[in-house]
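# A structural walkthrough
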Amino acid sequence: MKIQICQAEPKDYKRVRELRLSALKDSPNSFGAKYELLKERPDNYWQQVLKASSWCLVSIDGVDIGLLAVDQADKDRNSDCWLSGWWITPTHRGQGISKLMAQWVYELCQKNDWQKIGLGVWPDNKAAIAVYLKLGFELAETLIPSRSIPGLMYQPMYKSIGGDSK
Ligand SMILES: CC(C)(COP(=O)(O)OP(=O)(O)OC[C@H]1O[C@@H](n2cnc3c(N)ncnc32)[C@H](O)[C@@H]1OP(=O)(O)O)[C@@H](O)C(=O)NCCC(=O)NCCS
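The following refers to the structure shown. What you see is a predicted model, and the numbers here were worked out from it, not measured in a lab.

### Some points on the pairing of strand 4 (residues 81-88)
Among the eight residues that make up strand 4, seven are buried, leaving the element largely enclosed by the rest of the structure. Taken together, the six bridges between strand 3 (residues 63-72) and strand 4 define a ladder with antiparallel strand orientation. Bridging from a neighbouring strand, Leu 67 pairs with Trp 87 of strand 4. Note that the unit made of strand 4, helix 4 (residues 97-112) and strand 5 (residues 116-121) has a crossover that is right-handed.

This is the structure in structure tokens:
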């Protein structure tokens, strides 16, 4: 079994599209984006998506199974970078792949001199919150209004990494 974790290059936009649409179809209540809307988007939308964020792509024996986006955080995010769209195909959950992806994020942080990692999760997504706590993220005290779905609040979680990011 060969696990590959890499940053998506511009030519990989179709791989990102497939994984992202699979994620939104599989977990419609986990993300702010919606499958019905994104499935209609043309190639140049996905090419822009790849330019805008650093996408972590995970494949096993040549089959794509995981995805995660990392962005430099906007000022109001209270962190240096922001994670979104974290998804692993159901057949490969519970095997520690999220830890490998987190390690990939820490390395990206080191390259960019980012110390504080943030992410947002719906408060009722208890499974994802449990994973993030296990990865060393801490719950922020207050929920924040979602930008993608007005009316909903998300739970921010943060992890500060220093010299030792594990
Ligand atoms: C979130 C997601 C990417 C995590 O991947 P995963 O494969 O399930 O996570 P892992 O199995 O690698 O779990 C990482 C750690 O959390 C622990 N963990 C996982 N689920 C847990 C739970 N429900 N309660 C307690 N601990 C849990 C694991 O035991 C593991 O720790 P360990 O290695 O010390 O045993 C995956 O579950 C997913 O794609 N979910 C659907 C989409 C989603 O909700 N994304 C998040 C949007 S914010």
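From this point, the narrative continues.
### Things to note about the site of the ligand
Taken together, 21 residues form the shell around the ligand, and within it Trp 86, Ile 88, Gly 94, Ser 98 and Asn 125 come nearest. Here an oxygen atom of the ligand sits 2.9 Å away from a polar atom, N or O, in the main chain of Ile 88. A distance of 3.0 Å is found between an oxygen atom of the ligand and a backbone nitrogen or oxygen belonging to Gly 94. Relative to its unbound accessible area of 950 Å², the ligand is 72% covered by the protein chains. Elements with a contribution of two residues or more to the shell around the ligand: strand 4, helix 4, strand 5 and helix 5 (126-134). Split by residue class, the shell around the ligand holds ten nonpolar, eight polar and three charged.

### Some points on the nonpolar core
Judged by nonpolar contacts, the single largest core of 29 residues is most densely connected at Leu 83, Ile 117 and Tyr 132. Setting aside residues no more than four positions away along its own chain, Ile 117 makes contact with Ser 79, Cys 81, Leu 83, Val 105, Tyr 106, Cys 109, Phe 137, Met 157, Tyr 158, Lys 159 and Ile 161.

### Description of the environment of Gln 155
Relative to the helices and strands, Gln 155 resides in strand 8 (residues 153-160). What makes Gln 155 buried here is its relative accessible area of 11%. The spacing of Gln 155 and Ala 140 is 15 residues in sequence and 7.0 Å in space, taken between C-alpha atoms. Among all residues touching Gln 155, those that are not within four sequence positions of it are Leu 119, Gly 120, Val 121, Pro 123, Leu 139, Ala 140 and Leu 143. One polar contact links the side chain of Gln 155 to the main-chain carbonyl oxygen of Ala 140, over a distance of 2.9 Å.

### Digging into helix 1 (residues 13-26)
When the terminal C-alpha atoms of helix 1 are compared, their 20 Å separation across 14 residues agrees well with the 20 Å that a helix rising 1.5 Å per residue should span. Every buried residue of helix 1 is listed here: Tyr 13, Val 16, Arg 17, Leu 19, Arg 20, Leu 21, Ala 23 and Leu 24. Looking at the buried side of helix 1, the elements it contacts are helix 2 (35-38), helix 3 (43-52), strand 2 (54-60), strand 3 and strand 4.

### Details of the pattern of salt bridges
Counted by the stated rule, this structure contains nine salt bridges. Among the ionic pairs, Arg 15 bridges to Asp 12, the shortest N-O distance being 3.4 Å. You can call Asp 12 buried: its relative accessible area is 5%. Of the charged contacts in the structure, one is a salt bridge between Arg 147 and Asp 74, with a shortest N-O distance of 3.0 Å. Taken as a pair, Arg 147 in the loop between strand 7 (144-145) and strand 8 and Asp 74 in the loop between strand 3 and strand 4 lie far apart in primary sequence, 73 residues in all. Overall, the relative accessible area of 46% leaves Arg 147 in the partly exposed class. Residue classification places Asp 74 among the partly exposed residues on the basis of a relative accessible area of 42%. Taken together, the shared-partner salt bridges in this structure form one network comprising Glu 9, Lys 11, Asp 12, Arg 15 and Asp 64.

### Observations concerning the packing of aromatic side chains
Here the structure, examined in full by the defined rule, presents four aromatic pairs. Considering the side-chain rings of Trp 86 and Tyr 132, the 5.6 Å spacing of their centres and the 35 degrees angle between planes classify their relative orientation as tilted. Here Tyr 132 lies in helix 5 and Trp 86 lies in strand 4, a separation of 46 residues in the sequence. In this structure an aromatic cluster arises from ring pairing among Trp 86, Tyr 132 and Phe 137. Geometry around Tyr 45 places Arg 41 over its ring, the cationic atom sitting 4.7 Å from the centre. Between Lys 116 and the ring centre of Tyr 158, over which it is positioned, the NZ or CZ distance is 4.5 Å.

Here is what the cut-offs are and how they apply
Numbers given to residues run from 1 along each chain, matching the order in which its sequence is written. Only residues with pLDDT of at least 70 get local features here, since the model is predicted, and only at 80 or more are side-chain atom pairs given and counted; chain-wide, interface and lining totals rely on the full set of residues. To get the side-chain values, all heavy atoms of the structure are used, and hydrogens and water are removed first. The buried label applies to any residue whose accessible area, calculated with a 1.4 Å probe on protein chains only, is under 20% of its type's maximum; exposed applies above 50%, and partly exposed to all values in between. Counting from the N terminus, the helices are DSSP H or I runs at least four residues long and the strands are E runs at least two residues long. Paired strands, in this sense, are two strands between which DSSP finds at least two bridges. For crossovers, right-handed means that the path from the first strand over the helix to the second runs clockwise, given strands pointing away from the viewer. Near is defined per residue: the residue qualifies when any heavy atom it owns lies within 4 Å of the molecule or strand. Think of a polar contact as two N or O atoms within 3.5 Å of one another; within protein, one of them needs to be a possible hydrogen donor and the other a possible acceptor, and neighboring residues in sequence only count if both atoms come from side chains. Accessible areas in this description were obtained via Shrake-Rupley with a 1.4 Å probe; residue shielding takes into account the shown protein chains only. Gly is placed with the polar residues, together with every amino acid not listed as nonpolar (Ala, Val, Leu, Ile, Met, Phe, Trp, Tyr, Cys and Pro) or charged (Asp, Glu, Lys and Arg). Note on terminology: a nonpolar core comprises buried Ala, Val, Leu, Ile, Met, Phe, Trp, Tyr and Cys residues joined through side-chain atoms within 4.5 Å. It only takes one pair of heavy atoms within 4.5 Å for two residues to be counted as in contact. Here the expected span of a helix is defined as 1.5 Å times the quantity of residues minus one. Any Lys or Arg side-chain nitrogen located within 4 Å of an Asp or Glu carboxyl oxygen qualifies as a salt bridge. For Phe, Tyr and Trp, where Trp contributes only its six-membered ring, two rings pair if their centres lie within 6.5 Å, and the inter-plane angle classes them as stacked under 30 degrees, edge-to-face over 60, or tilted in between. A positively charged side chain is recorded as over a ring if its NZ (Lys) or CZ (Arg) lies within 6 Å of the ring centre. The angle to the ring normal must also be within 35 degrees.

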